[in-house]
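Chain by chain, the residues:
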Amino acid sequence: MQESSSGLARNPRLAEFVLALGGFGIGTSEFVIMGLMNRVAEDLAVTVPQVGYAISSYALGVVVGAPLISALAARVPKRALLIALMLVFAVGNIASAMAPGFWSFVGLRFLAGLPHGAYFGVAALVAAGAVPVDQRARAIARVMMGLTVAILIGAPLGTWAGNLFGWQIAFAGVGVIALLTALLIRLCVPVQPFDAQASPLRELSALVKQRVLVTIAIACIGCGGMFSIFSYVMPTLTQQAGMREALGPLVLVIFGLGSIAGNLVGGRMADKNLMRAIPTILVWCAVVQGLFYFAANQVWSGLLFVGLVGTSMALAPSLQTRLMDVAEDAQTMAASMNHAAFNGANALGAWLAGLVISAGFSWSSTGLVGTGLALCGLVIFAWGRWLEKRAEAPRQPVAQGHK
């Protein structure tokens, strides 16, 4: 068993790689359907917009599964829970590939989405617990890299294979990755101390903690700008900037590279000074997303800013670490809700951007939506800090009187 008496992994990089592999499978499953919508629609005899129900069903599974699994599995050892989550994810994806009809496919995408938030939340806790405390955010960032590499490699590769051999092969392949991850978790991820006091009620207490709710709100709103741009990036560049559709895979690669860079830099910033990192990254998001509005008029400047928008992923390890710090006893619930909030950001950003475009504004106006959401996230952060300082203020005179 690869663990020390202190609970730190003897080979934390190997454990992080295994956990990131699961994230790679999850990310591929989430994003690959966007490139296979035409094939799915044709095979299941529905329209392309109807395939969007399957995407929404998966996202709903994430939002429902994160709090539900975190509460019900409060007393399950983390390694065992990770294995179980990967097995459910494998079943959901393999069954999706075998779906006999459209509505069964939609239902199975919901099943596949259930483990998403809980897996990333528990994986972050395990990775953070396997390294010294001053390396937590970087460990979380390395686990999260599985998701960003899925955007860079997994989804494009799955799209290529699905269009060549049938869309089912993409989901079946993800199922195989999940089964392999479950096995490797058993072999390579250390067992961590079991909390005998854990309970569903204690985990649910995270949902009423002020600092937890503020952090989740930052994730749900402040991160929405990245998704507002990414959801419409292809029509923005092809119809406004005049980019050839053949460059579509390059757009995904550039966004993926930006996501990886942002994830790694964000983890390092969070380890150095967490409470300075979050507002700094939000300001960066507001600037680059706002500049995308102008850059998207030209192909190459638009592509450059697609990568810069991808660096908004720097918020993920920072907010994940913050939730771990403020969750107190409800660690699993808080960590899992971060990913439910990111899916909420996805829905919010895409919805607001769609409203703006439908109102007659340019495609690149999605960048202005992004700036507005990032600034709203910054306001929420400042408000949360003000609430914290106000709550601490009555105790400060007492403490000074004892000096």
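Refer to the preceding data block for the structure.
Quick caveat, the model's predicted, so the values are computed rather than measured. (Residues numbered from 1 in each chain as written. Predicted model: local features only at pLDDT ≥ 70, side-chain atom pairs only at ≥ 80, totals over all residues. Heavy atoms only, no water.)

## A short note on the overall build of the protein
When you go through the protein residue by residue, the secondary structure sums to 18 helices and zero strands. Relative to the compact-globule value of 22 Å for 403 residues, the protein shows a C-alpha radius of gyration of 21 Å, a close match. For the protein, the spread of C-alpha atoms along the principal axes amounts to about 70 × 45 × 35 Å. Here the protein holds 403 residues, and 56% of them are scored as buried. Of all intrachain contacts in the protein linking residues separated by at least 6 positions in sequence, the fraction that spans at least 24 positions is 84%. With the model as given, the accessible surface of the protein reaches about 16800 Å², and the carbon-plus-sulfur share is 68%. Both charge centroids of the protein, one from 24 positive and one from 15 negative side chains, sit 7 Å from each other. (Helix = DSSP H or I, 4+ residues; strand = E, 2+ residues; numbered from the N terminus. Rg over C-alpha atoms; globule rule 2.2 N^0.38 Å. Buried < 20%, exposed > 50% of the residue type's maximum accessible area, 1.4 Å probe, protein only. Contact = heavy atoms within 4.5 Å. Areas by Shrake-Rupley, 256 points an atom, 1.4 Å probe, with all protein chains shown as cover. Lys, Arg positive; Asp, Glu negative; His and termini not counted. Charge placed at Lys NZ, Arg CZ, Asp CG, Glu CD.)

## Here's the deal with the packing of aromatic side chains
Using the criterion set out here, one finds 11 aromatic pairs in the structure. Ring geometry for Phe-102 versus Trp-103: centroids 5.0 Å apart, planes at 70°, classification edge-to-face. The class for Trp-103 is exposed, based on a relative accessible area of 57%. Ring geometry for Tyr-232 against Trp-363: centres 6.3 Å apart, planes inclined by 40°, an arrangement best described as tilted. Here Tyr-232 is found in the loop between α10 (224-231) and α11 (233-240), whereas its partner Trp-363 is found in the loop between α16 (331-358) and α17 (366-392), with 131 residues between them in sequence. Residue class for Tyr-232 comes out partly exposed when judged on its relative accessible area of 22%. Taken together through their ring pairs, the aromatic side chains of Phe-31, Phe-230 and Phe-255 make up a single cluster. (Phe/Tyr/Trp six-rings, centres within 6.5 Å; stacked < 30°, edge-to-face > 60°.)

## Some words on the packing of helix α4 (residues 78-97) against helix α5 (residues 102-129)
Contact geometry of α4 with α5 gives a least axis separation of 8 Å together with a crossing angle of 155°. Relative to α5, the element α4 is oriented roughly antiparallel. Here α4 runs over α5; the crossing is left-handed. Taking contact as the criterion, the partners of Lys-78, Leu-81, Leu-82, Leu-85, Met-86, Val-88, Phe-89, Gly-92, Asn-93, Ala-95 and Ser-96 in α4 are, on α5, Phe-105, Leu-108, Arg-109, Leu-111, Ala-112, Pro-115, Ala-118, Tyr-119, Val-122, Ala-123, Leu-125 and Val-126. (Axes fitted to C-alpha atoms, helices over the stretch in contact; angles between N-to-C directions. Parallel < 35°, antiparallel > 145°, perpendicular 65-115°, else oblique. Left-handed = near helix turned anticlockwise from the far one by under 90°.)

## Some points on the side chain of Ser-364
Tracing the chain through its elements places Ser-364 in the loop between α16 and α17. Engagement of the side chain of Ser-364 in a polar contact is seen with the side chain of Gln-240, the distance being 2.9 Å. Here the side chain of Ser-364 touches Tyr-293 through a polar contact of 3.0 Å, landing on its backbone oxygen. Residues within four places of Ser-364 in sequence aside, it is in contact with Thr-236, Gln-240, Phe-292, Tyr-293 and Ala-296. (Polar contact = N/O pair within 3.5 Å; in protein donor to acceptor, adjacent residues only side chain to side chain.)

## Looking at the packing of helix α1 (residues 12-32) against α5
Relative orientation of the contacting elements α1 and α5 amounts to 150°, with a least axis distance of 10 Å. Between α1 and α5, the angle falls in the class roughly antiparallel. Crossing of α1 against α5: the hand is left-handed. Where α1 abuts α5, its residues Val-18, Leu-19, Gly-22, Gly-23, Ile-26, Ser-29 and Glu-30 lie against Arg-109, His-116, Tyr-119, Phe-120, Ala-123, Val-126 and Ala-127. Within the contact of α1 with α5, the residues separate by chemical class into eight nonpolar, four polar and two charged. (Nonpolar A, V, L, I, M, F, W, Y, C, P; charged D, E, K, R; others polar.)

## Some remarks on the side chain of Ser-228
Position of Ser-228 among the secondary structure elements: in helix α10. Exposure remark for Ser-228: the relative accessible area of 0% places this residue in the buried category. Separated by 3.3 Å, the side chain of Ser-228 and the backbone oxygen of Thr-366 make a polar contact. Ignoring sequence-local partners within four residues, the contact set of Ser-228 consists of Gly-349, Ala-350, Ala-353, Thr-366, Val-369 and Gly-370.

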